[in-house]
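# Coordinates in review
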Amino acid sequence: MAQDVVRTADPIKRGFKLSDFPRTVQVSPNVYTYEDFHAGAEKFTTTNMFVVTSEGVLLCDAQGDAEATRKEVEAIAKITPQPIKWVVIASDHGDHTGGNSSLPGGITFFIHPNSKAILDRQAANAKRPPSWRLPADAVLVPDKKDLNLGGERVQILFLGRAHTGGDLSVYLPRQKILFLSETFLNCVFPAMRSAYPSEWLKALDKAEKIDANIYIPGHGFTEQAAVSKEELHEYHRALKAVIEEATRLYKAGVPVDEAVKQANWGEYASWTLASSQGPIAVRKVYEELSGKL
Ligand SMILES: [Zn+2]
């Protein structure tokens, strides 16, 4: 095992106090993560990455409500006077976009077309006028975009449909840092409400083949390099095990309502969100196997 940290997404088990969050973690001389708690009783972090360049800050995902993202913008301003100029919407989910009204103006957004369609539909269906809308000039990244932002080479990558369907990753080749957003949930049970189970596995195959020293998750803690590699692999194993268990029940002809009770998650039953996300995972795998996805 690479390093002596408790492998968990639970801040208390990890040895933190709740008051240690939100926090900014330095990953390299100009790359940081920002971790704040996800909403809800079960505490775990929503993890974003930001890159400071000579021409501005690149932010990869943000927090889930206006107050949390306001604090994040303030935390970035404590690190650098550079303005936030670019934002990658790597996950379109509300816990990563719901605070976007607190981002400053003049930002160039990058987003996958699937996520743009989801956000545009949500805004159109909202009962009240939304506090934030994806700007019309957002740059679409259907596959891959190579950028040079203030001297830092940045590759925005679509590794395939995974947790949201429009999942983007951000790779910094010079430093071999890979931000995977919700394609990688560090010690958090595979959350499948809007997932594509078998395609998610393929996306993780690709992620593990990318030449990175450190892999940054969308939920769970920022790890040291060697631990991050082990935990990405462990997450990949967990997703595979969850899909296999649901598939076993499906093939045995167990009705889905019964399968959610029978599913045995083994070592992953203790992961954050296992009790709430386990049944959702069973239903999603059943959907995929029966061709309803
Ligand atoms: Zn999330």
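Refer to the preceding data block for the structure.
Let me sum up the structure you'll find in this document. (Residues numbered from 1 in each chain as written. Predicted model: local features only at pLDDT ≥ 70, side-chain atom pairs only at ≥ 80, totals over all residues. Heavy atoms only, no water.)

Turning next to the overall build of the protein. Looking only at helices and strands, one finds eight helices and twelve strands in the protein. Relative to the globule expectation of 19 Å for 293 residues, the C-alpha radius of gyration of the protein, 18 Å, shows essentially globular dimensions. Over its C-alpha atoms, taken along the principal directions, the protein stretches across nearly 60 × 50 × 35 Å. A burial count over the protein gives 55% of its 293 residues as buried. Taking all contacts inside the protein whose residues are at least 6 apart in sequence as the whole, residues at least 24 apart take part in 65%. (Helix = DSSP H or I, 4+ residues; strand = E, 2+ residues; numbered from the N terminus. Rg over C-alpha atoms; globule rule 2.2 N^0.38 Å. Buried < 20%, exposed > 50% of the residue type's maximum accessible area, 1.4 Å probe, protein only. Contact = heavy atoms within 4.5 Å.)

Aromatic rings in a pair are described by how distant their centres are and how their planes are angled relative to each other. Tallied over the entire structure, the rule returns twelve aromatic pairs. Their ring planes at 35° and their centres at 6.0 Å tell us that F21 and F221 sit as a pair that is tilted. Here F21, found in the loop between helix 1 (11–14) and strand 1 (23–28), pairs with F221, found in the loop between strand 12 (214–219) and helix 6 (225–251); they are 200 residues apart in sequence, far enough to count as distant. Of the two residues, F21 and F221, both sit in the buried class. By the ring-pair criterion, three or more aromatic residues cluster together here, those being F184, W200, Y235, Y268 and W271. A cation over an aromatic ring shows up here: R161 above the ring of Y196, its NZ or CZ 3.9 Å from the ring centre. (Phe/Tyr/Trp six-rings, centres within 6.5 Å; stacked < 30°, edge-to-face > 60°. Lys NZ or Arg CZ within 6 Å of the ring centre and 35° of its normal.)

Our next topic: the coordination of the zinc ion. Protein coordination of the zinc ion is provided by D95 (OD), H96 (NE2), E182 (OE) and H219 (NE2), with donor distances spanning 2.0 to 2.2 Å. Taken together, the four donor atoms surrounding the zinc ion define angles of 88 to 165° at the centre, an arrangement classified as irregular. Looking at E182, the relative accessible area reads 3%, which means it is buried. (Donors = N, O, S within 2.8 Å, 3.2 Å for Na, K, Ca; no water. Tetrahedral: all angles 85-135°; square planar, octahedral: opposite > 155°, others 65-115°.)

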